[in-house]
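Commentary on secondary and tertiary structure
The residues making up each chain are set out below.
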Amino acid sequence: MAYLSRSCFLNNCREISMPSILAASIFSAQRGETMVFSWSLRFLFTLCVTSGICSGLRSGCFSIANIIVVKRLRGRLYYALVFQDISFFDAEAVGVLTSRLGADCQQLSYVIGNNIHLILRNSLQGTGALVNLLTLSWPLTLSALVICFILSTIFLVYGQYQKKAARLTQEFNAHANDVAQESLYQIRTVRAYGTEQKEIGRYKEWLEKLAFVSIRESVAYELWNMSFTTLYRSTQVIAVLLGGMSIMTGYVSVEQLTKYVLYCEWLIYATWRLVDNLSSLLQSIGASERVVQLMDLLPSNQFLSKGVKLPRLMGNIQFVNVSFHYPSRVTVPILDHLCLNVKANEVIAIVGLSGSGKSTLVNLLLRLYEPTNGQIYIDGFPLTELDISWLRENIGFVGQEPYLFHMDIKSNISYGCPKDITDEDVEWAAKQAHAHEFISSLPHGYETLVDDDLLSGGQKQRIAIARAMLRDPAVLILDEATSALDSESEHYVKGILHALRNDNITKRTVIVI
Ligand SMILES: Nc1ncnc2c1ncn2[C@@H]1O[C@H](COP(=O)(O)OP(=O)(O)OP(=O)(O)O)[C@@H](O)[C@H]1O
């Protein structure tokens, strides 16, 4: 790669002499200097071939580098996202985050890949052209430079606008993406309530905002294009005007003027390409600011500090004066100086009105959020001092709305299990959760791929219970785990709870909400 870059750099330097050689070959033909003419032609031909080869190799290498950069960016961003606090996900919409992972990462790769490389190349060619122009005639060069200066000034104004527009485009795109994702994900609710038109309207609202910004962006681009073309043509007219006058006064020769026109073309072309690359660079920077900010986020403190791993989790749980409000709703206290004592191997039930904070209690125990006041102790250790991954390995949790992954049933049951698992273990857990029978009746049994329509709410919940049972946890939390079960399954699950309570061999603390 380094060798290739060096060769391409040398080729770019050689390319700068092209207008000179072109003019030299034309005028050597006019003077009848066949040797010079044939040498110039050979040189030009070699330059054409090497330019083509270098350009092909360069764009090939940069496309590959781009693919690698996008892969790494996405990986790094995903890593940064996954290790954020849960409160981060309360504030950020999933559709917006997936948009950052997709289109925005792609944009950022253009900054790193194509643009910077093209900017360097065009700067080199522009500088080469300028040096050659200066050796030909400085008054003529000055006129070309004035035009380049005006072009750059117009571009600065336009570039600022483009950067802002790019950021808005990304924002509106991300919101449109979020609305579409939400509606499609909730399509059954949408259909049941007949809100298809309302959802289309919600999506269109963002599309309209997006179109508005895009149209303004296009108009700005066209204005810039218009200024550029006018100024570019002006250079040619000025060259003929000043150059013609200089020839008439004998200040420059025809050959010098020809070289000047060719180099001028080269300079303006390089300026245009440079400005265009800078403009898309600014566009990409505008679009990728949020990606960079997200990538720079440090992982949650929970993962940074190494906590204590106890030889065995007994399951003593103590809430001492715990108060809490959600970070997104600081004015709404959920828990206020709560004290709770659960002894190891106890089976307790937490009962309360809807919205009274039962699930919040579990969220705090799993350390998804930190209490705003007070302390939670597990086996006498403050929760914050324990190794969080170790603790979660020892807790089995079944939530109110169990979500199954798009994997086969066996993988769903063994999901996140820290131990080595055999097929028999998976079957045992499924039997404990009264799930074995319906799993066996599926076309591919435990190998059946789970998708949204395959299982009923109660069946999904039984698989989630099996997942928790398989870990053989020291603390088992069932957050309204029977809410989606039919009366027969509920009866069985209650049987499991009784069995857990009377089980004196497998000791565990059970919290039932
Ligand atoms: N992530 C969150 N951000 C902000 N507020 C939240 C969040 N999760 C829950 N709440 C609020 O906290 C309060 C308690 O919710 P919680 O889910 O703990 O109640 P619950 O007793 O489990 O209710 P239910 O029995 O209906 O499940 C509710 O007012 C709820 O709106």
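According to the UniProt record, the Subcellular location (unreviewed entry) comment for the protein chain reads "Membrane".

Here we come to the overall build of the protein chain. Counting secondary structure elements, the protein chain contains 17 helices and 8 strands. Relative to a compact globule of 513 residues, whose C-alpha radius of gyration would be 24 Å, the protein chain shows 35 Å and is clearly more extended. If one aligns the C-alpha atoms of the protein chain with their principal axes, the spans along those axes are about 110 × 45 × 45 Å. Every one of the 513 residues in the protein chain was classed for burial, and the buried ones make up 29%. Counting only contacts in the protein chain whose residues sit at least 6 apart along the sequence, the fraction spanning at least 24 positions is 80%.

Next up on the list: the sheet that holds strand β8 (residues 509-512). Taken together, the 4 strands give an open sheet; going across it, the order is β3-β8-β7-β6, and neighbouring strands pair in parallel fashion. In this open sheet, the two strands that pair with only one neighbour each are β3 (347-349) and β6 (395-398). Going across the sheet, the axis of each strand differs from the next one's by a mean of 10°, ignoring polarity. Of the strand pairs in this sheet, β3 and β8 are connected by 3 bridges, and their pairing is parallel.

It is worth spelling out the packing of helix α14 (residues 423-432) against helix α16 (residues 457-470) at this point. Taken N-terminus to C-terminus, the directions of α14 and α16 make an angle of 125°; their axes are 8 Å apart at the nearest point. With respect to α16, the element α14 is oriented oblique. Remark: the crossing between α14 and α16 carries right-handed chirality. Of α16, the residues touching α14 (which contributes D425, V426, A429, A430 and Q432) are A466, M469 and L470. Its residues placed into classes, the contact of α14 with α16 shows 6 nonpolar, 1 polar and 1 charged.

What follows covers the site of the ligand. Contacts to the ligand come from 14 residues, most closely from Y326, S354, K358, S359 and T360. If one sorts the elements of the shell around the ligand by residue count, helix α11 (residues 358-365) sits on top with 3 residues. A class-by-class count of the residues in the shell around the ligand yields 2 nonpolar, 9 polar and 3 charged.

On the basis of which strands lie adjacent, the open sheet formed by 4 strands has the order β2-β1-β4-β5 and antiparallel pairing. One side of each edge strand has no neighbouring strand; the edge strands of this open sheet are β2 (335-342) and β5 (381-382).

What follows covers the domain arrangement of the protein chain. Looking at the assigned domains, one finds that the protein chain contains domain 1 (2-295) and domain 2 (317-512). The gap between the C-alpha centroids of domain 1 and domain 2 is 54 Å. With 4 residues of domain 1 in contact, the opposing surface of domain 2 contributes 5 residues.

Turning next to the UniProt feature "transmembrane region" (unreviewed entry) in the protein chain. According to UniProt, the positions carrying the feature "transmembrane region" (unreviewed entry) are residues 136-158 and 237-254. Counted over residues 136-158, helix gives 96% and strand 0%. Its end C-alpha atoms are 33 Å apart. Here residues 237-254 runs as 72% helix and 0% strand, with 16 Å between its end C-alpha atoms.

For the pair helix α6 (residues 138-185) and helix α8 (residues 196-248), interaxial distance at closest approach is 9 Å and the crossing angle is 170°. Compared by their axis directions, α6 and α8 come out roughly antiparallel. Its residues placed into classes, the contact of α6 with α8 shows 27 nonpolar, 11 polar and 5 charged.

Residues of α11 that are buried include every one of L361, L364 and L365, and no others. Buried residues along α11 cover an arc of 100° about the axis, so they all sit on one side. Packed against the buried residues of α11 are β1 (317-324) and β4 (373-378). Looking one or two residues past α11, R367 carries a phi angle of roughly 60°, positive in sign.

Moving on to the pairing of β8. Residues T509 and I511 of β8 are buried on one face, and the alternating residues V510 and V512, pointing to the opposite face, are buried as well. Pairing analysis gives 4 bridges linking strand β7 (residues 475-478) to β8, with the strands arranged parallel. Following the sheet pairing, I477 is matched in β8 by I511.

Here the focus is unusual backbone geometry. For R367, which is not glycine, the phi torsion reads 60° and is therefore positive. As for its placement among the helices and strands, R367 is situated in the loop between α11 and β4. With 21 C-beta atoms counted inside 10 Å, the residue R367 sits in the buried group. The phi dihedral of D379 is positive, around 50°, even though this residue is not glycine.

Here we take up the confidence of the model for the protein chain. With 92% of its residues at a pLDDT of at least 70, the protein chain reaches an overall mean of 83. Model confidence for the complex is summarised by a pTM of 0.73, with the ipTM given as 0.95.

What tends to happen in soluble globular proteins is that the nonpolar side chains get buried as a cluster. Core analysis: the biggest nonpolar cluster contains 46 residues, and I413, A429, A430, I465 and A466 have the highest contact counts within it. When residues in this core are grouped by element, the largest group, 7 residues, is from α16.

Tracing the backbone through its elements, the reader meets S38 in helix α3 (residues 34-82). Look at S38 and you get exposed, because 12 C-beta atoms sit within 10 Å. A C-alpha to C-alpha distance of 12 Å links S38 and L22, two positions 16 residues apart in sequence.

Right, let's get into α14. When α14 is considered as a whole, its buried residues turn out to be V426, A429, A430 and Q432. For α14, the arc enclosing every buried residue in end-on projection is 160°, short of the 170-degree limit, so these residues lie on one face. Of the exposed residues in α14, the ones pointing more than 90 degrees away from its buried face are D423 and E424. Within two residues after α14, H434 carries a phi angle of roughly 55°, on the positive side.

Two elements, β1 and β2, share 5 bridges in a ladder whose sense is antiparallel. When the sheet's bridge partners are listed, V322 is paired in β2 with L338. Pairing between β1 and β4: 5 bridges, direction antiparallel. Of the residues in β4, the one forming a bridge with S323 is N373.

Definitions and limits used
Residues numbered from 1 in each chain as written. Predicted model: local features only at pLDDT ≥ 70, side-chain atom pairs only at ≥ 80, totals over all residues. UniProt positions renumbered as here; feature names shortened; annotations may be inferred. Helix = DSSP H or I, 4+ residues; strand = E, 2+ residues; numbered from the N terminus. Rg over C-alpha atoms; globule rule 2.2 N^0.38 Å. Buried ≥ 20, exposed ≤ 12 C-beta atoms within 10 Å, placed from the backbone. Contact = placed C-beta atoms within 7 Å. Pairing = 2+ DSSP bridges. Axes fitted to C-alpha atoms, helices over the stretch in contact; angles between N-to-C directions. Parallel < 35°, antiparallel > 145°, perpendicular 65-115°, else oblique. Left-handed = near helix turned anticlockwise from the far one by under 90°. Nonpolar A, V, L, I, M, F, W, Y, C, P; charged D, E, K, R; others polar. Near = placed C-beta within 6 Å. Domains from an automatic or database assignment. Arc of directions from axis to C-beta. pLDDT = per-residue confidence, 0-100. Core = buried A, V, L, I, M, F, W, Y, C linked by C-beta atoms within 7 Å.

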